[in-house]
Every structure is written in structure tokens, then in C-alpha cells.
Amino acid sequence: MLASFRVAPQRVATSADCSGQVHTCPFPPAEVPKEGTGFDLAIALGLLRTEREMPLDEVACIGELALDGGVRGVAGVLPMARRLAVSGVRNLIVPAENATEAALVEGISVVGVDSLAMAAAHLQGRLRLEPVTAPVLGGPAPDALDLATVRGQALAKRALEIAAAGRHNLLMLGPPVAGKTMLARAFAGLLPDLGSDDALEVAALYSLRGRLADRPPTSLRPPFRSPHHSVSRAGLIGGGAGIAQPGEVSLAHVTVPLPARHQTVQTVQGRVLEPSLLMMKSALTPRLR
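Residues numbered from 1 in each chain as written. Predicted model: local features only at pLDDT ≥ 70, side-chain atom pairs only at ≥ 80, totals over all residues. Heavy atoms only, no water.

Caption draft 1: Representation of the overall build of the protein. Regarding its fold elements, the protein presents 11 helices and nine strands. Here the protein holds 289 residues, and the buried ones make up 42% of them. Sequence separation of at least 24 residues holds for 61% of the intrachain contacts in the protein that already meet a minimum separation of 6. Summed over its atoms, the accessible surface of the protein is roughly 16300 Å², and 56% of this surface lies on carbon and sulfur atoms. (Helix = DSSP H or I, 4+ residues; strand = E, 2+ residues; numbered from the N terminus. Buried < 20%, exposed > 50% of the residue type's maximum accessible area, 1.4 Å probe, protein only. Contact = heavy atoms within 4.5 Å. Areas by Shrake-Rupley, 256 points an atom, 1.4 Å probe, with all protein chains shown as cover.)

Caption draft 2: Region of interest: the pattern of salt bridges. The final tally for this structure, using the stated rule, is seven salt bridges. A salt bridge links D57 to R49; the nearest nitrogen and oxygen atoms lie 3.2 Å apart. Residue classification places R49 among the partly exposed residues on the basis of a relative accessible area of 36%. Between R221 and D193 there is a salt bridge, and its shortest N-O distance comes to 2.7 Å. (Salt bridge = Lys/Arg side-chain N within 4 Å of Asp/Glu carboxyl O.)

Caption draft 3: Representation of helix 6 (residues 116-124) in the model. Turning to helix 6, its buried residues number three or more, namely L116, A119, A120, A121 and L123. Positive backbone phi, at 85°, marks G125, one or two positions downstream of helix 6.

Caption draft 4: Geometry of the sheet that holds strand 5 (residues 109-113). Read from one edge to the other, the open sheet built from three strands follows the order 1-4-5, with strand pairing classed as parallel. Each having just a single partner strand, strand 1 (60-61) and strand 5 make up the two edges of the open sheet. The strands touched by helix 6 within the sheet are strand 4 (91-95) and strand 5, with strand 5 carrying the most contacts at an inclination of about 140°. (Pairing = 2+ DSSP bridges. Axes fitted to C-alpha atoms, helices over the stretch in contact; angles between N-to-C directions.)

Caption draft 5: Examining the packing of aromatic side chains more closely. By the definition in use, this model includes zero aromatic pairs. Above the face of the Y206 ring, R215 is positioned so that its terminal group lies 5.9 Å from the ring centre. (Phe/Tyr/Trp six-rings, centres within 6.5 Å; stacked < 30°, edge-to-face > 60°. Lys NZ or Arg CZ within 6 Å of the ring centre and 35° of its normal.)

Caption draft 6: Representation of helix 3 (residues 40-49). Of all 10 residues that make up helix 3, seven are buried, and the element is covered over most of its length. Where helix 3 is concerned, the buried positions are D40, L41, I43, A44, L45, L47 and L48.

Caption draft 7: Quick look at the side chain of R225. Within the element layout of this structure, R225 appears in the loop between helix 9 (196-208) and helix 10 (233-237). Within the structure, R225 has its side chain in polar contact with the side chain of E248 (distance 2.7 Å). (Polar contact = N/O pair within 3.5 Å; in protein donor to acceptor, adjacent residues only side chain to side chain.)

Caption draft 8: Region of interest: the side chain of S207. Relative to the elements of secondary structure, S207 occurs in helix 9. Among the polar contacts made by the side chain of S207, one reaches the side chain of E101 at a distance of 2.6 Å. Other than its neighbours up to four places away in sequence, S207 contacts A75, G76, V77, L78, P79, E101 and L212.

Caption draft 9: Broad picture of the nonpolar core. Among the nonpolar cores identified, the biggest contains 21 residues, and L41, L45, I93 and V113 are the most heavily contacted of them. The leading source of residues in this core is helix 3, at six residues. Apart from residues lying up to four places away in sequence, V113 is in contact with L41, V71, I93, V94, P95, A96, M118, A119 and L129. With 19 residues, the next largest nonpolar core counts A60, I62, L78 and A99 among its residues. (Core = buried A, V, L, I, M, F, W, Y, C linked by side-chain atoms within 4.5 Å.)

Caption draft 10: The arrangement of unusual backbone geometry in detail. A positive phi angle, near 55°, is found at Q153, a position not held by glycine. Checked against the element boundaries, Q153 lands in the loop between helix 6 and helix 7 (154-166). Its identity as a non-glycine residue notwithstanding, V177 has a phi of 60°, on the positive side. Mapped onto the secondary structure, V177 falls in the loop between strand 6 (170-173) and helix 8 (180-187).

Here it is, written out as C-alpha cells:
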């Protein structure tokens, strides 16, 4: 269990102004590891409910609490919202900075708050907060290199086009500064837009890693990743300390429709199935002897 989760009682007690009181808050099921700060808001509202009337039976709450009662954004709100919607939850309170990504999920009403006081006032009916309007998928594509702007390299361009059409992996060999990396970056522009379901799945992975700044959650373009050759095994395929996190393979998910959509990552915390559909473009420089 990470330190951020262990110190949640101190953050919540200070934010909810109930220091010195003893409360027991269960987190079932006990066998599922818990980590992160996203439980703070729900714990604090549960404590406040013991002192005042506050309907919490049909609402889920996600967010980290600051010591001054502010609500901070957390990673993974989008996949949590998707799971809550499947579970039948229809109302969700999240940090204001996470409201846009959570609103992408159909069938759930999302409200963004900046503080614990704002969330409590909304639940008690003293403050009416309008649900966040769901953003439209699409919009401007991330900056990408256009293959048409690459001069020469006719054979390499043809190979990229064949790889894109047939969803093939590709290995490029050539001397330094021959344009291998540039061509690999231009490959993403040859692929069609993702469907809405696939785009949402990709956005959920970036949300889980807290990397939505790298890729807008509304983007329909296939993801492109370029990990360095020195990347660790955990950084590439996923893993790490605690609950396994998606690696570069998962962040490049849904670039090719194959039957096997997931890989299994085993850590000390358990086994995790991570998305792993991708096409790989590698660039190597042969060593001269």
C-alpha cells in the first residue's frame, strides 16, 4: 500500500475539520490492493454525513483533498468513470480539472468541484452545480509529420504505405542521419482515425498514467510512442512497484486490430491484463567492423 494512501486519514481529518476524532472507514474488498489519493473526497463526505443530512447513496466521489479543503485532480478518473457507469452509478463528483475526461463516459452525470465545501453544498442542495457537457470526440489532431513533406526515400515511403495498409510491423536499417526516425514518426499520419470506443480506451490508458497532457482525451488519432532504446522492461511493457502501470506498449494501444488485445503483467501485487495492440516500427543503425 503506497504512502499516499496510508496518510489519507491525516489529509481527510484536516480538510473535514474533524481532527482528534476516531473513525473507521472500510475499503472492501480487502484482498484488492488500494493506492493513490482518489479516495479522499469520498471519505471526507462520508465523515461529514455523520453530522449533517447528505444524500450519498446514489453518487460516487473521486478526488484528492488538500489540507485547506481544496479538491485536486487525480490520475485514472476516466477508467474509473467507465467502470462506475457499468456498475450502474449515474452521478459522479470529480475534481474540476478531471471533469472533462469523466464527461466522455455515456450514461453518467458528472459534476466538477474545486473544494470539499463546494461538494458538500451541492449534495445538500445549497449550491446547484450543472453537469459538465460531454466534449465532442475529434478536434485538431496532435502535431504529426506528414509523409508527403519527406523528400526522396521512395522505397522507404512505399514500405511504410504497405505496412500501414496491411497492419505490418517494420524494421528499418540504415546509416546515421538517413531519416529512419523521421519516417517512423510520419507513419502515424498514414493510419485512419480510431472509432469512438477505441479512442475512449486509449484515453483511459493515458488518464491512468496521468499523461492526458501528452494526448487530448478527445483525440481520434492513433497513438504514437517513441521510447528510447534504454527504456526499462517495466517502462516498455508495464509493471513497476505496487499495482502494475501501463507501459509504452499499452500507450500505443489500438494501432492494429488483432484478436489478442491484451498482455499479462505479473507483479508482487497480482496479475494485470494490459491492452497491447500495436504496430512496431524499429530503426537500427548497423555497426561497421
